[in-house]
Amino acid sequence: MTWQISVDEHTCMGTGACAGIAPEHFEVRDGVSHPRHPQTEPADVLVDAAESCPVEAIMIRDAGTGEVVAPEE
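Quick summary incoming for the structure in this document.

Okay, empty space enclosed by the protein next. Picture a little ball the size of a water molecule; that probe, rolled over the atoms, points out where space is still empty. One pass over the full model with this rule turns up one cavity of 30 Å³ or more. Computed from the structure, the largest cavity encloses a volume of approximately 100 Å³. Each residue belonging to the lining of the largest cavity can be placed in one class, and the counts come to eleven nonpolar, four polar and no charged.

Structure, rendered in structure tokens:
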């Protein structure tokens, strides 16, 4: 299984919460968070980062099915 990670650059406030929680997966550049690897193996820390985003700018999907993994609705 592989997950797709995306950040809505228009919604992201660049707080760096995701980079603080999962620095190996996110970095803040020019005031916007970016996934270091848009496709990656599943990891609980990614869900934690997506759930911690104050504006829900991070979307994690199962790359095979397109099903949303996080944030939970």
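Next comes the rest of the description.
Reading across the sheet, the four strands line up as 4-1-5-6 and stay open at both edges, with antiparallel pairing between neighbours. Each of the sheet's edge strands pairs with one partner strand only, and the pair in question is strand 4 (39–40) and strand 6 (68–70). As defined by bridge partners, strand 1 (residues 3–7) adjoins strand 5 (residues 58–62) across five bridges and the pair is classed as antiparallel. When the bridges of strand 5 are listed, Ile-5 appears paired with Ile-60. On the sheet, helix 2 (residues 44–52) packs against strand 1, strand 4, strand 5 and strand 6 and is oriented at approximately 140 degrees with respect to strand 5.

Ala-70 connects to Pro-71 through a cis peptide bond whose omega is 0 degrees. Mapped onto the elements, Pro-71 comes out in the segment after strand 6. Positioned with a positive phi, Asp-30 is a non-glycine residue whose angle comes to about 55 degrees. Note that Asp-30 resides in the loop between strand 2 (26–29) and strand 3 (32–35).

Rules of the game
- Residues numbered from 1 in each chain as written.
- Predicted model: local features only at pLDDT ≥ 70, side-chain atom pairs only at ≥ 80, totals over all residues.
- Heavy atoms only, no water.
- 1 Å grid on protein atoms, 1.4 Å probe; cavity = no way out; pocket = protein on both sides within 12 Å on 5 of 7 lines; lining within 4 Å.
- Points joined across faces, edges and corners; volume = space filled by probe spheres on them.
- Nonpolar A, V, L, I, M, F, W, Y, C, P; charged D, E, K, R; others polar.
- Pairing = 2+ DSSP bridges.
- Helix = DSSP H or I, 4+ residues; strand = E, 2+ residues; numbered from the N terminus.
- Contact = heavy atoms within 4.5 Å.
- Axes fitted to C-alpha atoms, helices over the stretch in contact; angles between N-to-C directions.

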